[in-house]
Amino acid sequence: MSKHTLSVMVENEPGVLSRVAGLFSGRGFNIYSLNVAPTLEKGVSLMTIVAEGDDSIIEQIVKQLRKLVPTIKVKDLTELHSVEREMVLLKVNAEDSKRAEILRIVDIFRCKVVDVSVDELTIEVTGDQGKISAIINLLTRFGIKEIARTGNVAMRRSMQIDL
Amino acid sequence: MKLTGAQILLKCLEEEGVDVMFGFPGGAVIDIYDEIPNSSVEHILVRHEQGAIHAADGYARATGRVGVCLVTSGPGATNTVTGIATAYADSIPVVIFTGQVPRALIGNDAFQEVDIVGITRPCTKHNYLVQDIEDLARTVKQAFYLARLGRPGPVLVDLPKDIQQQVAEFEYPDSVSMRSYKPTRKPHIGQIRKVVKLLKKAKRPLIYSGGGVITSGSHEDLTWLGQTLHIPVTSTLMGLGAFPGDDELFLGMLGMHGTYAANMAVNNCDLLLAVGARFDDRVTGKVDTFAPNATIVHIDVDPTSIQKNVSVHVPLVADCKPALASLKAETEGTLDEFDWAADHKPWVDMVQGWAKEHPLTYKDDSDSIKPQFVVEKIYEITKGDAIIATEVGQNQMWAAQFFKYTRPNTLLTSGGLGTMGYGFPAALGAQRAFPDKLVIDIAGDGSIQMCIQEMMTAVCNKLPVKIVILNNGYLGMVRQWQELFYDKNYCATCMDAQPDFVKLAEAYGAAGYRVTEKKDVEKTLREAFAVDKPVIVDIRVEKEENVYPMVPAGASLTEMLLV
Ligand SMILES: Cc1ncc(C[n+]2csc(CCOP(=O)(O)OP(=O)(O)O)c2C)c(N)n1
């Protein structure tokens, strides 16, 4: 079982999201995260789907996605060099005594404080999965009261360097 | 030319060359029905929407063309779902038009509103809700295109009532261009050459052919390959008829109720050439032990079928037709230098030895009527020249085992979904397409009661389908499982409370016969087949007869229970 990031270009027609989601639920495939938004091309949306499964499951997912009529292109970015980012909003407990330390972490991770109150801070984090898990780990001990995540968006790097 | 949506729809159907559709009216499609008398498209009124979709499906299977069905919104639409799933499971091209409440009411739980596009998303190849009259003609064009193209399947078009009433300029697009849907049809020539090499090397090759050969119309090339290269052929239920069933190289079906020879051949072959077949679990038995000694080549137009259930050594994504044509072209050149017949003879002898050792048979040792005997008689009387539809259960398996299908599109049966109630309405669709052919539904007493109301459709439309009920008073196939694997706990499978099928036929204006004596079987069948109206022949067969061979679910193909 491993996580694969799939970049799926689809016709932006009614029901396309539920077609894709239905494909996963109907076949018992697991979606870890899913992000959809329009692209520059009119009528075309890009979905970034992070799916979990062994190789044969991922192969079926990719083929099944390709088989959907509105699907234009499917790429498994896991095998390619790619840039992946997720944006997360975190609302953290921040009494006076803890505030300085939290702000230091925000600083180190180059995040942004986007909302403040007497005893809470809301922080915007953008980064890859590693960075996001790291900051969530660090902030957990202060008490994360709310979390909202966009799920991954991803793009293949222009230069595919063999490492 | 300005036309209403309803008129546009009918014009589109005419443009597609649709001569008949099967349907049932309602408020949400009344505008379309209002225009039908002005159209060249004939409408056949069924008695239940499940009948309409199965009839459209039967028409499609018998003709190879797209079947069409028209129903109203809500309950009309939901009544087609089983039939849509049936067509989807067997990759049959049908287009289903459903009425929908006016756009302004969609989402308001309006009277007779259901989200049929949502309901049928997992069991259609694609579906549409037409939201703008300007899209109507293009959508219909796309629906027919998609139903036929690549791996065929059902496509549903949901039509809001107000769209049917709106007026727009009608123009039918000449072509369809969809940037997203472009299935691979042509085979990769490198892969084809690899297959030819493997064929030359193989000592024990076997062709395993499926429904894809029939839907793609490639039976002639398949037959050529088998006969010219002397390769034994086994078939799925859906593939019966693609290779002549009376040819010595034909082993019959493989799998759960396949022949001894076919299953042994799979187990012993060194090359398995799977064409348009998808390694269904009813075919493979226990996957780990399926074709253990073989290099597997898989030709299929649907890439998702490849590597799904078994691991394949040479995948070949292509429509069976160009793929087999290409295999033929590449092997034709070898006929002078390579003696296929001599090379394969020991293997063919071995396979035919298995067939002689354990032919398909049954114990015909009592006075009671054996169902297999009835199917054999049907074959003898018709000399194989008939379209056979089946219901589901033991009747279906006996119809597959004891009738020899020599041409494609002559067996109409619900393979993938196993839908009881399919056979009779499907037979009506086929009879409408081929009024002069003998169309016979081989039925069980359970299944036939699921869509028996279509007897009225048959009588009204002079569709003289012959229903032969192999009446065992049980839901036989389930009873067989209960007998063999559930300690004979015949819970809910005894169906001895039955209507009088003869009177039932007569009540509808059809003809009815009952046969209780073996000696009357042939005579009565002959008489019934000669009658120029729909007929039910109720044949009281041996009640606890089983279908053999049988590979228990999950066992290996070699673990067959024999007669
Ligand atoms: C709609 C539907 N419901 C239930 C089943 C399960 N099922 C499979 S075979 C069978 C028995 C069919 O009985 P009958 O039509 O009398 O045929 P027989 O097996 O006796 O020939 C049943 C109930 C099914 N395939 N389809």
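Residues numbered from 1 in each chain as written. Chains lettered and ligands numbered in written order. Predicted model: local features only at pLDDT ≥ 70, side-chain atom pairs only at ≥ 80, totals over all residues. Heavy atoms only, no water.

Broken down by element type, chain A carries four helices and nine strands. Ordering the α and β elements of chain A from the N terminus gives β-α-β-β-α-β-β-α-β-β-α-β-β. The principal-axis extent of the C-alpha atoms belonging to chain A is close to 55 × 40 × 30 Å. Relative to its 163 residues, chain A shows a buried fraction of 39%. Partitioning the contacts of chain A with sequence separation of at least 6, the portion at a separation of at least 24 is 72%. With 22 positive and 22 negative side-chain charges, chain A shows a spacing of 3 Å between the two charge centroids. (Helix = DSSP H or I, 4+ residues; strand = E, 2+ residues; numbered from the N terminus. Buried < 20%, exposed > 50% of the residue type's maximum accessible area, 1.4 Å probe, protein only. Contact = heavy atoms within 4.5 Å. Lys, Arg positive; Asp, Glu negative; His and termini not counted. Charge placed at Lys NZ, Arg CZ, Asp CG, Glu CD.)

Of regular secondary structure, chain B possesses 22 helices and 20 strands. A compact globule built from 563 residues should have a C-alpha radius of gyration of about 24 Å, and chain B, at 24 Å, falls within 12% of that. In chain B, buried positions account for 61% of the 563 residues. Looking at chain B as shown, the accessible area adds up to about 21,000 Å², and 50% of this sits on carbon and sulfur atoms. Within chain B, one finds 53 positive and 68 negative side-chain charges whose respective centroids are separated by 3 Å. (Rg over C-alpha atoms; globule rule 2.2 N^0.38 Å. Areas by Shrake-Rupley, 256 points an atom, 1.4 Å probe, with all protein chains shown as cover.)

A grouping of Met87, Leu89 and Val114 of chain A is seen on the molecular surface, where their side chains present a nonpolar patch of about 210 Å² in accessible area. Turning to its location among the elements, Val114 of chain A is positioned in strand S6 (residues 112-116). (Patch = residues over 30% accessible without salt bridge, like charges linked within 9 Å, V, L, I, M, F, W, Y side chains within 5 Å. Salt bridge = Lys/Arg side-chain N within 4 Å of Asp/Glu carboxyl O.)

Turning our attention to the sheet that holds strand S2 (residues 20-24) of chain B. All names here are of chain B. Sheet architecture is open: six strands sit in the order S3-S2-S4-S5-S7-S6, paired in parallel fashion. If you trace the sheet from one side to the other, it starts and ends with strand S3 (42-45) and strand S6 (126-129), each paired once. Neighbour to neighbour, the strand axes of the sheet diverge by 20° on average, direction disregarded. Pairing of S2 with S3 involves four bridges; the strand directions are parallel. Looking at the pairing, Phe22 lines up with Ile44 of S3. (Pairing = 2+ DSSP bridges. Axes fitted to C-alpha atoms, helices over the stretch in contact; angles between N-to-C directions.)

This part takes up the pattern of salt bridges. Within the structure shown, the criterion is met by 42 salt bridges over all chains. A salt bridge links Arg149 of chain A to Glu86 of chain A; its shortest N-O distance comes to 2.9 Å. Note that Arg149 of chain A is positioned in strand S8 (residues 144-149) and Glu86 of chain A in strand S5 (residues 82-93), a separation of 63 residues in sequence. Looking at Arg149 of chain A, the relative accessible area reads 39%, which means it is partly exposed. Residue classification places Glu86 of chain A among the buried positions, given a relative accessible area of 4%. Among the ionic pairs, Arg514 of chain B bridges to Asp500 of chain B, the shortest N-O distance being 2.8 Å. Here Arg514 of chain B, found in strand S19 (residues 511-515), pairs with Asp500 of chain B, found in the loop between helix H20 (476-485) and helix H21 (501-508); they are 14 residues apart in sequence, far enough to count as distant.

Residue and element names in this part refer to chain B. For the ligand, the set of nearby residues contains 17 residues, the closest of which are Gln394, Gly418, Gly446, Ser447 and Gly476. Between an oxygen atom of the ligand and a main-chain N or O atom of Asn395, the distance comes to 2.9 Å. The contact in question runs from an oxygen atom of the ligand to an N or O atom on the backbone of Gly476, over 2.8 Å. Expressed as a share of its isolated accessible area of 590 Å², the protein-covered part of the ligand is 76%. In terms of residue count, the dominant contributor to the shell around the ligand is H20 (three residues). (Near = heavy atom within 4 Å. Polar contact = N/O pair within 3.5 Å; in protein donor to acceptor, adjacent residues only side chain to side chain.)

Of the positions making up helix H11 (residues 219-229) of chain B, those classed as buried are Asp221, Leu222, Thr223, Trp224, Leu225, Gly226 and Leu229 of chain B. Directly beyond the C-terminal end of H11 of chain B, a positive phi value near 55° is found at His230 of chain B.

Right, let's talk about unusual backbone geometry for a bit. Most peptide bonds adopt trans geometry, and most residues besides glycine take a negative phi value. All names here are of chain B. The omega torsion of the bond from Tyr548 to Pro549 falls at -5°, within 30 degrees of zero and hence cis. Looking at the secondary structure, you find Pro549 in the segment after strand S20 (535-540). One non-glycine residue, Ala291, lies in positive phi territory at about 40°. The phi dihedral of Lys462 falls on the positive side, at around 50°, and the residue is not glycine. Within the secondary structure, Lys462 is located in the loop between helix H19 (455-460) and strand S18 (466-471). Note on Lys462: relative accessible area 70%, which makes it exposed.

Residues and elements named next belong to chain B. Within the largest apolar cluster, 72 residues are counted, with the highest numbers of intra-cluster contacts made by Val374, Ile378 and Leu525. Per-element accounting of this core gives the leading share, six residues, to helix H16 (residues 371-382). Ignoring anything within four residues of it in the chain, the contact list for Val374 reads Ile369, Val468, Leu470, Val521, Leu525, Ile539 and Val541. Listed in part, the 41 residues of the second largest apolar core include Cys12, Met21, Leu146 and Val155. (Core = buried A, V, L, I, M, F, W, Y, C linked by side-chain atoms within 4.5 Å.)

Summarising the element assignment, Arg156 of chain A is placed in strand S9 (residues 153-156). Expressed as a C-alpha distance, the spacing of Arg156 of chain A and Asp76 of chain A, which sit 80 residues apart in the sequence, is 9.5 Å.

The next subject is the interface of chain B and chain A. On the side of chain A, 20 residues touch chain B, which itself brings 18 residues to the contact. Of all residues in chain B, the largest losses of buried area upon contact with chain A belong to Arg121, Arg179 and Thr304 of chain B, amounting jointly to 41% of the total for that side. Counting every contact that joins chain B to chain A gives three salt bridges. Connecting chain B to chain A are eleven residue pairs in polar contact (both at pLDDT 80 or more). Partitioned by chemical class, the residues of the side of chain B that touches chain A number six nonpolar, six polar and six charged. (Buried area = accessible area lost by both parts, 1.4 Å probe. Nonpolar A, V, L, I, M, F, W, Y, C, P; charged D, E, K, R; others polar.)

Before going further, it helps to examine the pairing of strand S14 (residues 314-317) of chain B. Residue and element names in this part refer to chain B. Only one face of S14 is buried: it carries Val314 and Leu316, and the other face, with Pro315 and Val317, is open. Sheet topology note: the strand S13 (residues 295-300)/S14 ladder contains four bridges and is parallel. Residue pairing in the sheet places Ile299 in a bridge with Leu316 of S14.

By convention here, two paired aromatic rings are described through the distance between centres and the angle between planes. This model, assessed by the stated rule, comprises 13 aromatic pairs over all chains. A ring pair is formed by Tyr208 of chain B and Phe279 of chain B, whose centres lie 5.2 Å apart and whose planes are at 75°; its orientation type is edge-to-face. Remark: Phe279 of chain B occurs in the loop between strand S12 (271-275) and helix H13 (281-284) and Tyr208 of chain B occurs in strand S9 (residues 205-209); sequence separation between them is 71 residues. Each of the two residues, Tyr208 of chain B as well as Phe279 of chain B, counts as buried. One residue, Lys3 of chain A, lies across the ring of Tyr32 of chain A, its end atom 3.9 Å from the ring centre. Geometry around Tyr474 of chain B places Arg479 of chain B over its ring, the cationic atom sitting 5.5 Å from the centre. (Phe/Tyr/Trp six-rings, centres within 6.5 Å; stacked < 30°, edge-to-face > 60°. Lys NZ or Arg CZ within 6 Å of the ring centre and 35° of its normal.)

Our next topic: the pairing of S9 of chain B. Residue and element names in this part refer to chain B. Here S9 lies mainly inside the structure; five of its five residues are buried. Judged by which residues are buried, S9 turns out to be covered on both faces: Pro205, Ile207 and Ser209 on one side and Leu206 and Tyr208 on the other are all buried. Bridging between S9 and S12 involves five bridges; their strand directions are parallel. Residue pairing for S12: Ser209 is matched across the bridge by Val275. For S9 and strand S10 (residues 233-235), the ladder comprises three bridges, and the chain directions are parallel.

Fair warning: the whole summary comes from geometry, so function is off the table for now.
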